[in-house]
Amino acid sequence: MNFNLLYHIGRYVMLLRQAFSKPENFSMYWKETMRQMEDIGIGSLVIVALISVFMGAVAAVQFSYQLDGTLVPQYYIGYIVRDLAIIESAPTITCLVLAGKVGSNLAAELGTMRQKEHIDAMELMGVNTAAYLILPKLIAALVMIPLLVTISAYVAIIGGYLATVPTGSLSSDDYERGLRAFFQPHNVTMMYVKAIVFSIILTTVPIFQGYYVKGGNIELGKASTNAVVFSNILILLSDYLIAVLLTG
Amino acid sequence: MIRAENIVKRFDEQEVLKGVSMEFIPGKTNLIIGQSGAGKTVFLKILVGLMEPTAGRVWYDSIDFFSLNKKQIREIRLKVGMLFQGSALFDSMRVIENVRFPLDMFSNLTLAEKNLRVDWCLERVGLTGAHYKYPSEISGGMQKRVGIARAIVMEPKYLFCDEPNSGLDPRTALLIDELIQDITYDYKMTTIINTHDMNSVMEIGDNIAYLHQGQLTWQGSKDEVLSSDNELLQGFIFASPFLQRLRTAALKQG
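Residues numbered from 1 in each chain as written. Chains lettered and ligands numbered in written order. Predicted model: local features only at pLDDT ≥ 70, side-chain atom pairs only at ≥ 80, totals over all residues.

A. Molecular detail of the overall build of chain B. Regarding its fold elements, chain B presents 10 helices and 10 strands. Taking 254 residues into account, the globule formula puts the C-alpha radius of gyration at 18 Å, and chain B, at 19 Å, falls close to it. Seen along its three principal axes, the alpha-carbon backbone of chain B occupies a region of about 55 × 40 × 30 Å. For chain B, buried positions account for 41% of its 254 residues. For chain B, the share of sequence-separated contacts (at least 6 apart) that also reach a separation of at least 24 residues comes to 65%. (Helix = DSSP H or I, 4+ residues; strand = E, 2+ residues; numbered from the N terminus. Rg over C-alpha atoms; globule rule 2.2 N^0.38 Å. Buried ≥ 20, exposed ≤ 12 C-beta atoms within 10 Å, placed from the backbone. Contact = placed C-beta atoms within 7 Å.)

B. Broad picture of the overall build of chain A. Tallying secondary structure elements over chain A gives eight helices and zero strands in all. Reading chain A from its N terminus to its C terminus gives the helix and strand order α-α-α-α-α-α-α-α. When the backbone C-alpha atoms are referred to their principal axes, chain A occupies close to 70 × 40 × 35 Å. A burial count over chain A gives 43% of its 248 residues as buried. Intrachain contacts of chain A at a sequence separation of at least 6 include 87% that bridge at least 24 residues.

C. A look at the packing of helix 5 (residues 140-152) of chain B against helix 6 (residues 170-186) of chain B. Residue and element names in this part refer to chain B. Remark: helix 5 packs on helix 6, axes separated minimally by 10 Å, with the N-to-C direction vectors making an angle of 10 degrees. The angle between the axes of helix 5 and helix 6 places the two elements in the roughly parallel class. Residues G141, K144, I148 and I152 of helix 5 form the contact with helix 6, whose own contacting residues are T172, I176, L179, I180 and I183. (Axes fitted to C-alpha atoms, helices over the stretch in contact; angles between N-to-C directions. Parallel < 35°, antiparallel > 145°, perpendicular 65-115°, else oblique.)

D. Focus on helix 1 (residues 40-48) of chain B. Residues and elements named next belong to chain B. In terms of burial, helix 1 is a largely internal element, seven of the nine residues being buried. Within helix 1 the residues assigned to the buried category are K40, V42, F43, L44, I46, L47 and V48. Once helix 1 finishes, G49 follows within two positions and takes phi at roughly 85 degrees, a positive value.

E. Spatial organisation of the sheet that holds strand 6 (residues 80-83) of chain B. Residue and element names in this part refer to chain B. Here we have six strands laid out as an open sheet, ordered 6-7-8-3-9-10, and mixed in their pairing. Every other strand in the sheet has two partners, leaving strand 6 and strand 10 (215-220) as the edge strands with one partner each. Each neighbouring strand pair of the sheet contributes to a mean axis angle of 15 degrees, computed without reference to strand direction. Most of the contacts of helix 1 go to strand 7 (residues 158-162), to which it runs at about 155 degrees, and overall it touches strand 3 (29-33), strand 6, strand 7, strand 8 (190-194) and strand 9 (207-212). Against the sheet, helix 5 engages strand 6 and strand 7, with an angle of about 175 degrees to strand 6. (Pairing = 2+ DSSP bridges.)

F. Main features of the nonpolar core. Counting 135 residues, the largest nonpolar core has V81 and L202 of chain A together with F43, L47, M82, A149 and F160 of chain B as the members making the most contacts within it. For this core, the element with the most residues is helix 3 (residues 76-115) of chain A, which contributes 18 residues. Contact partners of V81 of chain A, with chain neighbours within four places excluded, come to G56, A59, A60, A156, I157 and G160 of chain A. (Core = buried A, V, L, I, M, F, W, Y, C linked by C-beta atoms within 7 Å.)

G. Geometry of unusual backbone geometry. The backbone of F182 of chain A shows a phi angle near 50 degrees, a positive value even though the residue is not glycine. Within the chain, E163 of chain B stands out as a residue other than glycine whose phi angle is a positive 45 degrees. By secondary structure assignment, the location of E163 of chain B is in the loop between strand 7 and helix 6. Taking the number of C-beta atoms within 10 Å as the measure of exposure, E163 of chain B has 20 and is therefore buried.

H. Local environment of the interface of chain B and chain A. Contact residues are listed per partner, giving 15 residues for chain B and 13 residues for chain A. Listed by contribution, the elements that provide at least two residues to the side of chain B that touches chain A are helix 2 (70-77), strand 6 and helix 3 (95-106) of chain B. No other element matches the four residues that helix 3 of chain B contributes to the side of chain B that touches chain A. Residues of the side of chain B that touches chain A, tallied by class, amount to 11 nonpolar, one polar and three charged. (Nonpolar A, V, L, I, M, F, W, Y, C, P; charged D, E, K, R; others polar.)

I. Structural detail: the pairing of strand 3 of chain B. All names here are of chain B. Of all five residues making up strand 3, five are buried, and the element is well covered by its neighbours. Where burial is concerned, the two faces of strand 3 agree: the one with T29, L31 and I33 and the one with N30 and I32 are both buried. Note: strand 3 against strand 8, four bridges, orientation parallel. In the strand pairing of strand 8, L31 is matched with I193. In the sheet, strand 3 pairs with strand 9 via four bridges, with the strands oriented parallel. Bridging across to strand 9, L31 finds its partner in I208.

J. Expanded view of the environment of V153 of chain B. Residue and element names in this part refer to chain B. Mapped onto the elements, V153 comes out in the loop between helix 5 and strand 7. When the 24 C-beta atoms within 10 Å are taken as the criterion, V153 is described as buried. Contacts of V153, omitting those with residues within four sequence positions, involve V99, P102, L103, R117, V118 and C121.

K. The arrangement of helix 3 of chain B in detail. V95, N98, V99, R100, F101, P102, L103 and M105 of chain B are the residues of helix 3 of chain B that are buried. In the core, the buried residues of helix 3 of chain B are packed alongside helix 2 (26-67) and helix 4 (118-125) of chain A together with helix 4 (111-124) and helix 5 of chain B.

Structure below.
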C-alpha cells in the first residue's frame, strides 16, 4: 500500500518534471493555451457565477437570522459575507466545483486520448506529450482560476446584497458599511494563494489520472472519479494547511 | 535499416516475445503476421519505442534505439511515420489540421507552404475535398487515408502500419494496401506492417515474418508462402478448406 502510494507520487512528480521542458513550437503551445483558457475560464463562468450568488445569498440570510435579536450590529452581515467570500467560499467552494467540472473533463480528455492512441501518435511524431498536454492546461488554469475566484468573491457579495437589501432585512447603507468594516488586505492575499495552489491541484491531479489510464471505459470512468475525489481531498487538505500557515 | 535483436518481452509471468530477431528490408514492405495474441502488436510497439523490451535491442541503422536519451529518441522519431489501427486522428481538429500537425510542430515553413504540402499529401492518398471535415464526418477508409497522409507529411524514412486494414471492406482494404505499397516504392521508405489480413500477405508482402506464440517461426517473401512446408504457417494462412483447395490448385499449376 505504502509502496504503491510512493510509486504514484514518484510518477506524478516525474510527469510534472517532463512537462516543464522547452516547447517544440511556441505558437502551437500558445494556441493550445488559448483554447484551454476558453474551456476552463469562459466555460466555467456561468456555473461559478450561479454558485457564488447563492453562496453569498445563503450566507447573508443565515447570518441575518443568527444575528436577529442579538447585540451584534446588523451591518456585520456585510462584513461577514465579504470575509466569508474572500477567505473561504470564493477560493475553496469555487475550486471544489471546478475540480468536478474541469477536473473530470481533463481526466476524461486525456484518458480518451490515451485509449484512442492519440498520445502514442504524438509521441511518435516526436512531440513531448507531457509538456504539450500539460503545460498549456496548467498555465490556462493558473491564469483563469484566480480570475474566476475574483469574480466569485464579487458575485457572492452581490448575492448577499440581493438577499438582504431588497427584502428589507438590512439597509443598503448598512450592508455597504459592513463591506468596508475591518478590511484586511492580507485576506485577499490568502484568497489568491489558495486560488493558485488549488489551480495546480485541480489540473495536475486529473491530468495525471487521465494520462496514465489503462484499459477500457470502466477504467476511464474510475480515473475520472478518482481525479475528482483526490483533487477534492487535496484541496481541502491544502486549504487547512494554508489557513494554518497564513493565519498563524 | 531496422533490425531487432533477440527481443524478449514479459508481462509479469507471461512471456509474450521469446527472443525475436528480425531484419527488415529497406525500401520494401515488410509484413509481420501471426494469430491474435502472437505478440505482433507488442513487437511493433517495441520497434517504434512505445514499449521497452525486457531484453534485446532495436537498431536503427547503427543506432541502438533504447540506449538513446529522450532528445535523441525524438530526433529519430522525426524520421518515423505511423498509421495506427484506429487511425488516431485528433477529434478536435479538421482533416487539414490533423495532417498539418507535425509540420506545425516541427517545421519552419510558412502556413501557405505547409498547406501546399498538406494538399500534396492528401492528393497522394487520393483524398481531395475533405480538408475541412472532422474525423467523425468521414468514413473509416478515408480516416485511414488521412492517417497515411499525416504519416508521410514529414517525408519519413520508416513507415509503420498497425493493422491498416482492420474494419475495412475487402475492396477498400485492397486500395489501402496498394497505396501503402506505392508510397513505399515511390519514396524508398522502409515499411513495416503488422497484419493478419491474408490479402495483404499475398499482394504486398515483399518480406513476411510469421510470429507464432512469441517466436519468429518463418520468414520469406509472398512468392515463397505457397511453397513453404512450414506447417504452422500453412495452418495459419490457409486456415479454411477453401483456401487449402486454392493452394493445392495453385501448386498443381506450378
